[in-house]
Every structure is written in C-alpha cells, then in structure tokens.
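Observations on the model geometry
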Amino acid sequence: MTRPSLLDRLALQAQQRAQDDATRRLLTVEQRNGVRLQVDGRWLVSFAGNDYLGLSDHPGLVRALQRAAGESGVGSASSHLVCGHHRPHAQLEEAVAEWLGQPRALLFGSGYLANLGALQALLERDDLCLQDRLNHACLLDGARLSGAQLKRYPHADVDAAARQLGASPERAALIATDGVFSMDGDIAPLTELAQLAERESATLYIDDAHGVGVLGAQGRGSADHCGLAGHQALLQLVTLGKAIGSYGALVVGSEALIDAVLQRARSYVFTTALPPALAAAALTAVRLTRDGDALRERLGQNIDRFVAGAQQLSLPLLPSRSPIQPLLLGNNAAALAASLALRERGLWVPAIRPPTVPAGSARLRVSLSAAHSPDDIDALLDGLADCVPRHQGD
Ligand SMILES: *Cc1c(COP(=O)(O)O)cnc(C)c1O
C-alpha cells in the first residue's frame, strides 16, 4: 500500500478552489487614514472593516496605548495564571462587567479563543450544545472541542430549538447564538431564546461580537437591546476588536460560570496574556464606546442613508438594520466580479463566499461605520448601482 501524499492532495484542493472561484487572497494595506486604505499604491474607501464606531485609530486610544507601553512595556511575559495578569487586565474586566451589569468578566486573547475556551470549559461529552445554523465558525469549533453533542437549528427558529432541547431532557444544555449575525446582519430572537433557556434550565450564550458598542443603551449590546439587560442566567461574549476598536475579548456572566471558564478553558490557561498596555488602551476604548452615543447616532444615520438608497436602487438587500448590510448575489463568480469592479472605482467591499456563508449564498458584505461621511455612502451607492445586478424586473 502506498502512503497518500499530503502535497498531492493540497495541490488538488488548490486546483479545485481556483475552479470554484473560492481562492482567498491577502491584500496588504500600505497606509491608512480612517476608512481610507491604500492598497497597491491606490486609496480605497473601505466598507470591509468592523470598526463600527471608527474608534480603532482614535487619538485618545493611541495615546493610552503609548503611555501604557511606556509604563509597562510590550509583552506580558506569561499566562494570566502564572504572572501575566496585570492591573490593566483586572481594571478592564471590572469595567466591562460593570458596563454590562454582570457580576464578572474574563479577558481572552481574542474572540475566537474566548469561544473555544468558554464552550470547551463549560460543556462535557454527554451535554447538548444547540446552535443557530448561521453561527460564527468559532462557536462551532468550541462545541466540537468540548465533545458535546452539537445540534444546529434552522436560522432564528426558536421552535426548532425547543424541539431539539425537548428531545434530550436528560442532558445538560447550552444554547449558543450570535447576537447580531456576522454575515447577515440580523438580530437573533434573544428574548424568546432566553425564555426557552429558562423553561428548559439551559444556559444561553450570546456571542455579541457585532452587537456590543452598536446596540442597546450605552452600547451594551444585543441582550440589552432585547430587554435582557442584567439577566443573570446569561453568558455573553464581548469582542474588543470590532466596535470597541482594539483587540481581545471578554466572556461576561455570573461568578460561577466565569470562574469555571477561568479554571478550565485551555485557550485561557495555556496562552500568554494580552499585553497589559493593550488592555489599558482597551479600557479607554470601552469608556469611549460606553459614552459614544453621538457616534452611534452618526452610524445610525449612515445605515438609514444606505438602506434607503439601496432600496431605491432595488439592490438585493437582506432584512438588516445593523451596520452589516449584505447584498446577496448567489454565486461566487458574481460576488467576486462585483467586488473587483467596485475596487476599480476606489471602493473596497469584500465578496464573502462559502464556507463562510452557506453554498449558493455568496454576497457582497457592506459594513458601515460612523467614520463614513454621507458622501462616502453616496459614492458606494453609485458604485453598487453600476456594479451589482438588480432584482429581476427592475
Ligand atoms: C469576529 C467574530 C468572532 C471572533 O472574534 P475575534 O476577536 O476577531 O477573534 C467571534 N464571533 C463572531 C460572531 C465574530 O464575528
């Protein structure tokens, strides 16, 4: 028997990807000025980032990072549980817990690590993990890592989730959902899911990567938006790399849940702590986010302007009122061609293809920020009018 060759297999897979217009390519940003990015010597207006409030290059944030690095250096030198946990980490955790009205928060290196760690820490082999079919990849990866039985319910279908839960009354259960769906922009039915979780003695985990900073009073996120503020049986993921404009993530919830995550999450225990200076900068970012109603208002105006314009042009919008505004094109080649045509016009709108989204639902993912001007939105609409196929009959 001859051993199959890894290299041969990779070559075949690369060939197949190229045939399917599914090859992913890196673009290098050479310079940046707010939402304007220079790529290959050319300035593009970006509608690709998740910097919804435009905080990622805020001067106050940059100063906080510089000052803190001057005081504490760059590296944290160790994991949190050895000697890497510094005062700025602790302050950041306290500030985020207080902001969300929850007892405790735990800081991870990134949202991906936090989801892997939290689900692996809380779930065991005989447990049930229910997930929305459109959840972010790292929630699925976390459930797989835990070894729990993973069941995916049709998008936003609480009745289906209830049936799946009801079929296994003997298993401890956790329901995990994106708060705002990252590729569709809609909000999960959190009120109903919280009721279901309560009725079934399950834990609800809301990954609020795209809700926090944007939705709810003081930007507290999708749980607050859905009337679940301060709900005690809730676990939430707050990522710092999107609306909050920095890097890292926190899992937020009760003392018991958070302590279990601290004790058991492998992606917490076995990794170097975030640089303390970055935690200090993130603390400044959290305050700017909490106090950022004016930014949220500007973002809301940009969303309204875009949706109104896109409806007038009969563009294939999905029903989203969040900064994530996908235009559904269907096949990979169409999404790629539209993205390239827009880039020719100085607009950066990424084509999102499977496996990030379900097969046959390739799309342009427009993502809006408070940092866009009304003229930027209008330029985008003009570009889309020329580069995107309209609804049939228009
Ligand atoms: C971006 C994202 C993550 C991962 O967060 P990072 O901090 O970027 O690792 C997790 N969940 C969702 C829904 C996301 O969109």
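Up top is the structure.
This section reports on the structure supplied with the text. (Residues numbered from 1 in each chain as written. Predicted model: local features only at pLDDT ≥ 70, side-chain atom pairs only at ≥ 80, totals over all residues. Heavy atoms only, no water.)

Thoughts on the site of the ligand
Taken together, 13 residues lie near the ligand, and G111, Y112, D207, H210 and K242 sit nearest. A distance of 2.9 Å is found between an oxygen atom of the ligand and a backbone nitrogen or oxygen belonging to Y112. The separation between an oxygen atom of the ligand and a polar side-chain atom of K242 is 2.6 Å. Considering the ligand on its own, with 380 Å² of exposed area, one finds that the protein chains cover 84% of that surface. Here the shell around the ligand takes three residues from helix α5 (residues 111–122), the largest share from any one element. Of the residues in the shell around the ligand, the class split is three nonpolar, seven polar and three charged. (Near = heavy atom within 4 Å. Polar contact = N/O pair within 3.5 Å; in protein donor to acceptor, adjacent residues only side chain to side chain. Areas by Shrake-Rupley, 256 points an atom, 1.4 Å probe, with all protein chains shown as cover. Helix = DSSP H or I, 4+ residues; strand = E, 2+ residues; numbered from the N terminus. Nonpolar A, V, L, I, M, F, W, Y, C, P; charged D, E, K, R; others polar.)

A closer look at the side chain of D127
Structurally, D127 is set in the loop between α5 and β5 (128–132). Buried charge D127 goes without a salt bridge, the closest partner of opposite sign being R171 at 6.9 Å. Polar contacts involving the side chain of D127 include one to the main-chain amide nitrogen of E124, which spans 2.7 Å. Once you skip the residues sitting within four places of it in the chain, D127 turns out to touch L122, A148, Q149, R171 and A172. (Buried < 20%, exposed > 50% of the residue type's maximum accessible area, 1.4 Å probe, protein only. Lys, Arg positive; Asp, Glu negative; His and termini not counted. Salt bridge = Lys/Arg side-chain N within 4 Å of Asp/Glu carboxyl O. Contact = heavy atoms within 4.5 Å.)

Let's talk about unusual backbone geometry
Here the residue pair P354 and P355 is connected by a cis peptide bond, since its omega of 10 degrees sits within 30 degrees of zero. Summarising the element assignment, P355 is placed in the loop between β13 (351–352) and β14 (362–367). Positive phi is not limited to glycine here, since A156 has a value of about 65 degrees. Note that A156 resides in the loop between β6 (149–153) and α7 (158–166).

Points about the environment of A233
As for its position among the elements, A233 is in the loop between α9 (222–225) and β9 (234–239). Given the relative accessible area of 46%, A233 is considered partly exposed. Sequence spacing of A233 and E30 is 203 residues, and the spatial spacing of their C-alpha atoms is 45 Å.

Quick look at the layout of surface pockets
Any space left empty among the atoms is revealed by the rolling of a water-sized probe across them. Looking at the second largest pocket, its volume works out to about 240 Å³. Lining the second largest pocket are 14 residues; nearest its centre among them are V214, L215, I303, R321 and S322. Classifying every residue of the lining of the second largest pocket gives seven nonpolar, three polar and four charged. (1 Å grid on protein atoms, 1.4 Å probe; cavity = no way out; pocket = protein on both sides within 12 Å on 5 of 7 lines; lining within 4 Å. Points joined across faces, edges and corners; volume = space filled by probe spheres on them.)

Thoughts on the nonpolar core
By size, the foremost hydrophobic cluster in this structure holds 38 residues, and its most contacted members are F47, L299, F306, L364, V366, L368 and L384. Of all the secondary-structure elements, those providing two or more residues to this core are α13 (293–312), β11 (324–330), α14 (332–344), β14 and α15 (374–387). It is α13 that provides the largest number of residues to this core, a total of six residues. (Core = buried A, V, L, I, M, F, W, Y, C linked by side-chain atoms within 4.5 Å.)

Quick word on the sheet that holds β9
With mixed pairing, seven strands are arranged side by side in an open sheet as β4-β10-β9-β8-β7-β5-β6. Edge positions in the sheet fall to β4 (104–108) and β6, since each has one partner strand and no second. Going across the sheet, the axis of each strand differs from the next one's by a mean of 20 degrees, ignoring polarity. Where strand β7 (residues 173–178) lies against strand β8 (residues 203–207), five bridges are found, and the strand directions are parallel. Paired with I175 across the two strands is L204, which belongs to β8. This element, helix α4 (residues 87–100), spans β4, β9 and β10 (249–253) of the sheet and lies at about 130 degrees to β4. (Pairing = 2+ DSSP bridges. Axes fitted to C-alpha atoms, helices over the stretch in contact; angles between N-to-C directions.)

Some words on the sheet that holds β13
Here three strands make up an open sheet; going across it, the order is β11-β14-β13 and the pairing antiparallel. At either margin of the open sheet sits one strand with a lone partner, and together these are β11 and β13. Bridge count for β13 against β14 is two bridges, and the pairing is antiparallel. Looking across to β14, one finds that A351 is bridged to L364.

No statement about biological role is implied by the geometric values presented.
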